[in-house]
Amino acid sequence: MAALAAVLCACAGQIPSPTPLQARRATQQWPGTTLEALRQGRALYIAKCSGCHTLRLPSAYSPERWELMLERMQQRSQISDAEKERIRRYILSVKIE
Amino acid sequence: MILFLLAALSLAAVSPGAATERRFTYTYESGVLPAGVKELEPWLTWRAGRTSYFSEFDYRLEYEVGLVDRLQTSLYLNWHQATHEDPANPGQKVGDQGFDGISSEWKYKLWDPVADALGLAFYQEYTFQSDEFGWESKLILDKKFGDNLVAYNAVVEPEWEFGPGHSNISWNLENDLGLTHFFTPAFSAGLEVVNQNEKTHPGSGFTDSVIFAGPVASYAHENWWLTATLLRQLPALQRSVANPQDSLVLDNHEKFNFRIIGSIRF
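Here the structure is a predicted model, which is why all the values come from computation and not from measurement.

Novice: Got a sec to walk through the packing of aromatic side chains? Specific residues and values, please.
Specialist: Residues and elements named next belong to chain B. Enumeration over the complete set of coordinates arrives at 10 aromatic pairs over all chains. When the ring of Trp43 is compared with that of Tyr76, the centres are 5.9 Å apart and the planes differ by 75 degrees; the resulting orientation is edge-to-face. A residue pair is termed long-range when its members are at least 10 positions apart, and Trp43 in strand S1 (residues 38-48) and Tyr76 in strand S3 (residues 71-85) qualify at 33 residues. Among the residues examined, Trp43 registers a relative accessible area of 3% and is labelled buried. Residue classification places Tyr76 among the buried positions, given a relative accessible area of 0%. Taking the centre distance of 5.5 Å and the plane angle of 40 degrees together, the rings of Phe128 and Phe133 count as tilted. Among the residues examined, Phe128 registers a relative accessible area of 44% and is labelled partly exposed. A cation over a ring is seen here: Arg60 above Trp43, with NZ or CZ 5.2 Å from the ring centre. Across the ring face of Tyr53, the terminal group of Lys93 is positioned such that the distance to the ring centre comes to 4.1 Å.

Novice: Pulling in residues and values, what's your account of unusual backbone geometry?
Specialist: Of note, Gln78(A) is a non-glycine position whose phi angle comes to about 55 degrees, a positive value. Position of Gln78(A) among the secondary structure elements: in the loop between helix H4 (63-77) and helix H5 (81-94). For Arg70(B), which is not glycine, the phi torsion reads 85 degrees and is therefore positive. In this fold, Arg70(B) is placed in the loop between strand S2 (54-68) and S3.

Novice: Describe the interface of chain A and chain B, naming the residues involved and giving the relevant values.
Specialist: Listed as interface residues are 23 residues of chain A and, on the opposing side, 25 residues of chain B. Summed over both sides, the interface between chain A and chain B buries roughly 1900 Å², with carbon and sulfur atoms accounting for 54% of that surface. Among the residues chain A hides against chain B, the three largest losses belong to Cys52(A), Thr54(A) and Arg76(A). Together they make up 29% of the total. Scanning the region where chain A abuts chain B turns up two salt bridges. One salt bridge in this structure joins Lys48(A) and Asp69(B), with 3.0 Å as the shortest N-O distance. Where chain A meets chain B, there are seven residue pairs in polar contact (both at pLDDT 80 or more). Elements that contribute at least two residues to the side of chain A that touches chain B include exactly helix H1 (2-10), helix H3 (35-49) and H4 of chain A.

Novice: Tell me about the pattern of salt bridges, and please be specific about residues and values.
Specialist: All names here are of chain B. One pass over the full model with this rule turns up 15 salt bridges over all chains. One salt bridge in this structure joins Glu254 and Arg50, with 2.6 Å as the shortest N-O distance. Of this pair, Glu254 sits in the loop between strand S11 (224-238) and strand S12 (256-264) while Arg50 sits in the loop between S1 and S2, and the two are 204 residues apart along the sequence. Among the residues examined, Glu254 registers a relative accessible area of 2% and is labelled buried. Two residues, Asp112 and Lys109, come together in a salt bridge whose shortest N-O distance is 2.7 Å. Asp112 sits in the buried class, given a relative accessible area of 3%. Here the salt bridges share partners, and the residues they tie into one network are Arg47, Arg50, Glu56, Asp58 and Glu254.

Novice: Go over the sheet that holds S12(B), please, and point to the residues and values.
Specialist: Residue and element names in this part refer to chain B. Taken in spatial order, the 12 strands of this closed barrel run S1-S2-S3-S4-S5-S6-S7-S8-S9-S10-S11-S12, and their pairing is antiparallel. The mean angle between the axes of side-by-side strands here comes to 20 degrees, regardless of whether they run parallel or antiparallel. In this structure, S2 lies alongside S3, joined through 14 bridges in antiparallel fashion. Directly across from Val65, in S3, lies its bridge partner Thr73.

Novice: Explain the layout of surface pockets to me, using residue names and the numbers behind them.
Specialist: Taken as a whole, the largest pocket spans an internal volume of roughly 1400 Å³. Along its surface, the largest pocket is lined by 43 residues, and Arg47(B), Asp58(B), Glu157(B), Glu159(B) and Asn172(B) are the ones closest to its centre. For the lining of the largest pocket, the element with the most residues is strand S6 (residues 132-145) of chain B, which contributes six residues. Along the lines of polarity and charge, the residues of the lining of the largest pocket split into 12 nonpolar, 14 polar and 17 charged. In this structure, the second largest pocket encloses a volume near 750 Å³. Looking at the lining of the second largest pocket element by element, the count peaks at eight residues for H4(A). Of the residues that constitute the lining of the second largest pocket, the class distribution is 16 nonpolar, six polar and eight charged.

The rules we used
Along each chain, residue indices are assigned from 1 in the same order as the chain's sequence is written. All chains are assigned letters beginning at A, and all ligands numbers beginning at 1, according to the order in which they are written. This being a predicted model, a pLDDT of at least 70 is required before a residue's local features are given, and a value of 80 or more before pairs of side-chain atoms are given or counted; all residues contribute to the totals for chains, interfaces and linings. To obtain the side-chain values, all non-hydrogen atoms of the structure were included, while hydrogens and water were left out. The criterion for an aromatic pair is that two Phe, Tyr or Trp rings (for Trp, the six-membered ring) have centres within 6.5 Å, with stacked assigned to planes under 30 degrees apart, edge-to-face to planes over 60 apart and tilted to the rest. Strands are runs of DSSP state E lasting at least 2 residues, helices are runs of H or I lasting at least 4, and numbering of each runs from the N terminus. Buried residues are those whose accessible area, probed at 1.4 Å on protein chains only, stays under 20% of the maximum for their type, while exposed residues exceed 50% and partly exposed ones sit between those limits. Each ring is checked for a lysine NZ or an arginine CZ that lies within 6 Å of its centre and within 35 degrees of its normal; such an atom marks a charge sitting over the ring. Residues count as neighbours in contact if any of their non-hydrogen atoms are within 4.5 Å of one another. Note: buried area is the sum, over both parts, of the accessible area (probe 1.4 Å) each one loses when the two are combined. By convention in these notes, a salt bridge is any Lys or Arg side-chain nitrogen within 4 Å of a carboxyl oxygen on Asp or Glu. The definition of a polar contact used here is a pair of N or O atoms within 3.5 Å, where within protein one atom must be able to donate a hydrogen and the other to accept one, and adjacent residues in sequence count solely through side-chain atom pairs. Should DSSP find at least two bridges between two strands, the strands are taken to pair. Note on definitions: angles span 0 to 180 degrees between N-to-C directions of axes, and those axes are lines fitted to C-alpha atoms, for helices only across the stretch in contact. Here a cavity is any set of points on a 1 Å grid over the protein atoms alone where a 1.4 Å probe fits but cannot get out, and a pocket is any open set with protein on both sides within 12 Å along at least 5 of 7 lines; a residue lines the site when it has an atom within 4 Å of a point. Grid points are joined across faces, edges and corners, and a volume is the space filled by probe spheres set on the points. Here the nonpolar group is Ala, Val, Leu, Ile, Met, Phe, Trp, Tyr, Cys and Pro; Asp, Glu, Lys and Arg are the charged ones; every other residue, Gly included, is treated as polar.

Bear in mind that shape data such as this cannot, by itself, settle questions of function.
Here it is, written out as structure tokens:
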């Protein structure tokens, strides 16, 4: 049981939560983007992008590849432009340490 | 079979299909379609190898819809085509085929196998037939470790049978385990293990407990995916009461089970 708990903790959530530093950088890049908005982007990413394949880690692709994939996945996941933009800002923000 | 394919094609043509990739065919994963996304999945299961001649194809056509985020519902049409030895005429084969009713599935996802420590979903399936009602509950756990995916299901299935002057309830408890490795994002291969325990009356022990294991492989492309498992029965955890000398239970289970599930996008 303890071993199981240890294994689970060791690899708990692999989809990073945005940090305050990442949020400050995001605000500079996209004025008005708050830490809360990035958190919502993460929740949207998990809700909208896990239905067909397992979630890809934000670190798995270059920013250019992510931009392209988001365009391709928008229709598949039936998300609005606003939702896509939230997910995009979250992914691009947490890619930077 | 032709009818089945035609029905699949015509339904698929009207649905803006997508694809909840399945990496196993007996074991479910926790994923659910996002709100508004739909998909069509034809299933084929072939079961063969009993004490006396037996070969059966079970067909299912599944239509899935994401209702709201986290909650998915599906409708299944079920039918079968079988050939087996005629009990009244040993040595003679008889065929039988028929519609096995419709099933309604509800799946609710709580945790994600990548974003959370463990993926978790609850699953309910109701099957309505003229003389039978089936109810299946599953607890679905899964986890992705790097390029490996592990999934486990605990399944409880009471079954009621109604006939003139009698009704009967039987229980089926099932454990499903799937382990697979992603060699590329599109191709995965691994192992599935299925344990089925059948109980005829509440209170009495299991009539038998069988175990199946075998390879599973899955490939997902832009517009389609396909997953297949070949299971072979292994020596039973509890042998059949009717045939205790045989280490395999071949009176109401088969030596081989093969299942293929696919999805095509038009």
